[in-house]
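Here is what each chain is made of, one letter per residue.
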Amino acid sequence: MRVAMNGGTQRSRGRVLIGKPGLDGHTRGAKFIAKALADHGYEVIYTGIRRTPAEIATAAVQEDVDVVGLSLLSGAHNTLFPQVLAELRKLGAADVPVIAGGVIPQADIPGLLTAGITAVFTPGAPIEQILAAFDEACTRRRKMS
Amino acid sequence: MNTNEDFRRWENEILRPFLAQAPERAEQFATGSGLELPRLAVPAEPTAAYSRDLGFPGEFPFTRGITPTMYRGRLWTFRQYAGFSTATEANRRYRYLLEQGTTGLSVAFDLPTQLGLDSSDPMSAGEVGRVGVAIDTLADMERLFAGIPLDRVSTSMTINATAPILLAMYAVVAERQGVPIARIRGTLQNDILKEYIARGTYIFPPAPSLRLVSDVIAWCAREAPDFNPISISGYHIREAGSTAVQEVAFTLGNAIAYIERALAAGQRLEDFGPKLSFFFCVTSDVLEEVAKFRAARRLYARIIRDRFRCDHARCQMLRFHTQTAGHTLTAQQPDVNIVRVTLQALAAVLGGTQSLHTNARDEALALPTEAAAALALRTQQVLAYESGLAQTVDPLGGSFLIEQLTDEIERQAAALIAEIDGRGGMGPAVADGWVQSRIEEAAYRHQCQIESGERQIVGVNCAVAPETATPPVFAVDPAVEARQQHQLAETLAARDAAAVRESLARLDVVAAGRENVMPALLDAVRRQATVGEICAVLRGRFGVHQPSV
């Protein structure tokens, strides 16, 4: 239930998991980010839709990824994003940064950041900004480990 | 005065009998300055190509519209998609929309309801009442339509994998209101193929899912003849990133698959064909969209006539709902979305839609606030009452450019359908991911054009402005989940558990055989079996679909 992609022959920038937690079936954003990251030089694992937070965290650990990206457009982010963080902690992977995107009201963003999400992007965010956030998160994690 | 013979024939054979049944809204139609607006502008000397490709509204090939008078006879339906939280709260929004002048209801269900999970299911955590209303049992459905007489309103329900269950609930609610099931009006989305392609709310594998679709089509034709049993949807295909041509081709490709399935089940196209309905997306690309709607109408009519050898006009006419394109809305400078939605709605009306949903300006941020939802409805009302667009049929027909685009979209969509045929039809083309890959490629191209600046989006890659205060957004009360679970527990405690078990056992037998599932579903929902319980039975019989990703 996953696809690995990588964008080219250059040395990999790192490994990323793009996850769709919950019941939401909107994949346009997640798939675009996955492909853009691959083109940017990452090895990308895409989970497909309807994954539980535990499944996403387990896949992240098994695949030994540097960063997790979560996409959700259903409004369940306040419940599901913190659950993914909790599952990562349970598996001793609290150091894996999690970047999130989707239809997320501005008012919810500070709470998600406080909960431990590294960055949150909403519709219309330029891809350079998103790639830069992944680069920064990946570099920081690699320095720490 | 047009003296053309063909036009005369149309007036006598098509228009006159239609007017006798359905008079126009006014004796005369004129511009704001008093210039008379003809019902239909036609060339003084129609060529053979005109008669073949455009013809007259209300007859084959329906390029110019499905009825001879279009909006002069009846305006399109203002049908605003809404629903959130519990049934009681969604009911309040529906009554508000009806008071504001909406002319049809359109129910959004939450994801657990769409996926056959009860509100108490662990998989439902965080999703209850979010993107639509939570329905667990008939008791919820009764609350949803409390005080809304189902013989006087038509209801569209965006529900697919669990469509037969929700239709059964709707029918029983009508019955309990004293409205005969035969009189319910509305539309069930019930288009499972596009769920595998784009929208993602499938449960069962394709074969049993198509059987459920076919059961609903057969049941409606017999028991609820004014209910559209399916709305074959290009909307989500377009929203997933397809081009306009792909939207037409994949949607009509799905229509072909459903028709073939129903014919194979022994149904007659003359019986169910008139009730097949469609649902398209409309973007801000006004000229292309107008041409797309006209091309889709013509291509569908030709498919019904030539592929299925059916000459019934009511089977050939493509009736459709339109929704403005959610993917075009931006979180930046959200008020600009009002302008986008207006352009999109304009294109839908110029394209001859039968009903329309206009998105609210704040939908890139959250579900719409009440004020934003009302403004979206006002946009339609301005188009209907102030713009003059509703006073003449197919106003852009005959434009060199529109006709050229219409021809080209039809040609390319027909070629794509031929390619799908070559792959064994939509079933196999979807199963091996070919359709999804075509859409993903188009989506990626589109997004790259935005990122490179080749495609300009106001507020995103041009006319960027520093963000001012964000508008107030609608928030679903986080307590809704607990409230819904509590209501479910109450319903479960009050029902006759043995009767529920019996009805579910009966459903299991029917699901295993070939009998139509609807009567068993009606029985189960009457006894307050939950959506989750019913789906558990069906999952046991049908299995679940495992996507390749």
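Quick caveat, the model's predicted, so the values are computed rather than measured.

### Looking at the overall build of chain B
- Scanning chain B from terminus to terminus reveals 22 helices and 9 strands.
- Relative to the 2.2 N^0.38 estimate, which gives 24 Å for 549 residues, the radius of gyration of chain B is 23 Å and therefore close to what a compact globule would have.
- Judged by the C-alpha coordinates and their principal axes, chain B covers about 75 × 60 × 50 Å.
- When burial is assessed residue by residue, chain B has 59% of its 549 residues classed as buried.
- In chain B, once contacts between residues fewer than 6 apart in sequence are set aside, the share between residues at least 24 apart is 77%.
- Of the roughly 21100 Å² that chain B leaves accessible, carbon and sulfur atoms contribute 53%.

### Examining the overall build of chain A
- Tallying secondary structure elements over chain A gives 5 helices and 6 strands in all.
- Tracing chain A from N to C terminus, the helices and strands come up as β-β-α-β-α-β-α-β-α-β-α.
- Taken over C-alpha atoms, the radius of gyration comes to 14 Å for chain A, in line with the 15 Å a tight globule of 145 residues would show.
- Looking at the 145 residues of chain A, the share that counts as buried comes to 54%.

### What to know about the pairing of strand S3 (residues 155–158) of chain B
All names here are of chain B.
- Side-chain alternation along S3 places Thr155 and Met157 on one buried face and Ser156 and Thr158 on a second face that is also buried.
- Judged from the 4 bridges that link them, strand S2 (residues 104–108) and S3 form a sheet pairing that is parallel. Bridge pairing in S3 places Leu105 opposite Thr155.
- By the bridge criterion, 3 bridges tie S3 to strand S4 (residues 186–188) in an arrangement that is parallel. Of the residues in S4, the one forming a bridge with Met157 is Leu188.

### Some remarks on the interface of chain A and chain B
- Taken residue by residue, the interface counts 34 residues in chain A and 39 residues in chain B.
- Buried surface at the junction of chain A and chain B, summed over both partners, amounts to about 2700 Å²; 61% is from carbon and sulfur atoms.
- Inspection of the region where chain A meets chain B yields 1 salt bridge.
- The salt bridge involving Glu440(B) is made with Lys31(A); its shortest N-O contact spans 2.5 Å.
- Our count for the contact surface shared by chain A and chain B stands at 10 residue pairs in polar contact (both at pLDDT 80 or more).

### Observations concerning the packing of helix H14 (residues 336–350) of chain B against helix H15 (residues 370–385) of chain B
Residue and element names in this part refer to chain B.
- The N-to-C vectors of H14 and H15 enclose an angle of 40°; their axes lie 10 Å apart at closest approach. Our classification of the angle between H14 and H15 gives oblique. The handedness of the crossing between H14 and H15 is right-handed. In this structure, H14 contributes Ile338, Thr342, Ala345, Leu346 and Val349 to the contact, and H15 contributes Leu375, Thr379 and Leu383.

### Overview of unusual backbone geometry
All names here are of chain B.
- Omega for the bond connecting Phe60 with Pro61 falls within 30 degrees of zero, at 0°, which places this linkage in the cis form.
- Within the secondary structure, Pro61 is located in the loop between helix H2 (48–53) and strand S1 (77–82).
- Of note, Asn190 is a non-glycine position whose phi angle comes to about 50°, a positive value.
- As for its position among the elements, Asn190 is in the loop between S4 and helix H7 (193–199).
- Under the relative-accessibility criterion, Asn190 is labelled buried at 2%.

### Here's the deal with the nonpolar core
- In terms of nonpolar packing, the biggest core is built from 177 residues, with Ile18(A), Phe134(A), Trp76(B), Met141(B), Leu144(B) and Ile534(B) touching the most fellow members.
- Met141(B) has contacts with Phe109(B), Ile135(B), Met157(B), Leu166(B), Met169(B), Tyr170(B) and Val173(B), leaving out every residue within four places of it along the chain.
- The next biggest cluster of nonpolar side chains, apart from the first, holds 25 residues, and it includes Val84(A), Ala93(A), Ala100(A) and Ile104(A).

### Some points on the pattern of salt bridges
Residues and elements named next belong to chain B.
- As enumerated under the stated definition, the model contains 50 salt bridges over all chains in all.
- Note that Asp306 is salt-bridged to Arg305, the shortest N-O span being 2.7 Å.
- Residue Arg361 is joined to Asp335 by a salt bridge in which the shortest nitrogen-to-oxygen separation is 3.6 Å. Of this pair, Arg361 sits in the loop between strand S9 (355–357) and H15 while Asp335 sits in the loop between strand S8 (320–324) and H14, and the two are 26 residues apart along the sequence.
- Using a relative accessible area of 47% as the deciding quantity, one classes Asp335 as partly exposed.
- The network of salt bridges with shared partners includes Arg52, Asp53, Arg298, Arg302, Asp407 and Glu410.

### Concerning the packing of aromatic side chains
Residue and element names in this part refer to chain B.
- Going through the model one piece at a time under the given rule, you end up with 20 aromatic pairs over all chains.
- Relative to Trp10, the ring of Phe7 lies with its centre 5.6 Å away and its plane at 35°, an arrangement referred to as tilted. Taken together, the residues Phe7 and Trp10, both in helix H1 (residues 5–21) and 3 residues apart, mark about one turn of the helix. Grouping residues by exposure puts Phe7 and Trp10 together as buried.

### Observations concerning helix H3 (residues 77–90) of chain A
Residues and elements named next belong to chain A.
- The end-to-end C-alpha distance of H3, which contains 14 residues, comes to 20 Å, matching closely the 20 Å that a straight helix rising 1.5 Å per residue would cover.
- Looking at H3, one finds that the buried residues are His77, Leu80, Phe81, Val84, Leu85 and Leu88. When H3 is viewed along its axis, its buried side chains cluster within an angular range of 140° and face the same direction. In H3, the exposed residues that point more than 90 degrees away from the buried face are Arg89 and Lys90.
- Elements that come into contact with the buried residues of H3 comprise helix H2 (53–62), strand S4 (67–72), strand S5 (98–102) and helix H4 (109–115).
- Following H3 by one or two positions, Gly92 has its phi on the positive side, about 70°.

### Quick look at the sheet that holds S2(B)
Residues and elements named next belong to chain B.
- Ordered in space as S5-S4-S3-S2-S1-S9-S8-S7-S6, the 9 strands form an open sheet in which the pairing is parallel. One side of each edge strand has no neighbouring strand; the edge strands of this open sheet are strand S5 (227–228) and strand S6 (230–233).
- Along the sheet, helix H3 (residues 87–99) makes contact with S1 and S2, crossing S2 at roughly 155°.
- Set on the sheet, helix H6 (residues 163–176) makes contact with S3, S4 and S5; between it and S3 the angle comes to about 150°.

### A look at helix H5 (residues 127–144) of chain A
Residue and element names in this part refer to chain A.
- Counted at 1.5 Å a residue, the expected span for H5 with its 18 residues is 26 Å, and the 26 Å between its end C-alpha atoms agrees.
- Every buried residue of H5 is listed here: Ile127, Ile130, Leu131, Ala133, Phe134, Ala137, Cys138 and Arg141. Mapping the buried residues of H5 onto a view down its axis gives an arc of 155°, with all of them on the same face. Exposed residues lying more than 90 degrees from the buried face of H5 are Glu128, Glu136 and Lys143.

Reading guide: rules and limits
Residues numbered from 1 in each chain as written. Chains lettered and ligands numbered in written order. Predicted model: local features only at pLDDT ≥ 70, side-chain atom pairs only at ≥ 80, totals over all residues. Heavy atoms only, no water. Helix = DSSP H or I, 4+ residues; strand = E, 2+ residues; numbered from the N terminus. Rg over C-alpha atoms; globule rule 2.2 N^0.38 Å. Buried < 20%, exposed > 50% of the residue type's maximum accessible area, 1.4 Å probe, protein only. Contact = heavy atoms within 4.5 Å. Areas by Shrake-Rupley, 256 points an atom, 1.4 Å probe, with all protein chains shown as cover. Pairing = 2+ DSSP bridges. Buried area = accessible area lost by both parts, 1.4 Å probe. Salt bridge = Lys/Arg side-chain N within 4 Å of Asp/Glu carboxyl O. Polar contact = N/O pair within 3.5 Å; in protein donor to acceptor, adjacent residues only side chain to side chain. Axes fitted to C-alpha atoms, helices over the stretch in contact; angles between N-to-C directions. Parallel < 35°, antiparallel > 145°, perpendicular 65-115°, else oblique. Left-handed = near helix turned anticlockwise from the far one by under 90°. Core = buried A, V, L, I, M, F, W, Y, C linked by side-chain atoms within 4.5 Å. Phe/Tyr/Trp six-rings, centres within 6.5 Å; stacked < 30°, edge-to-face > 60°. Expected span 1.5 Å × (residues − 1). Arc of directions from axis to C-beta.

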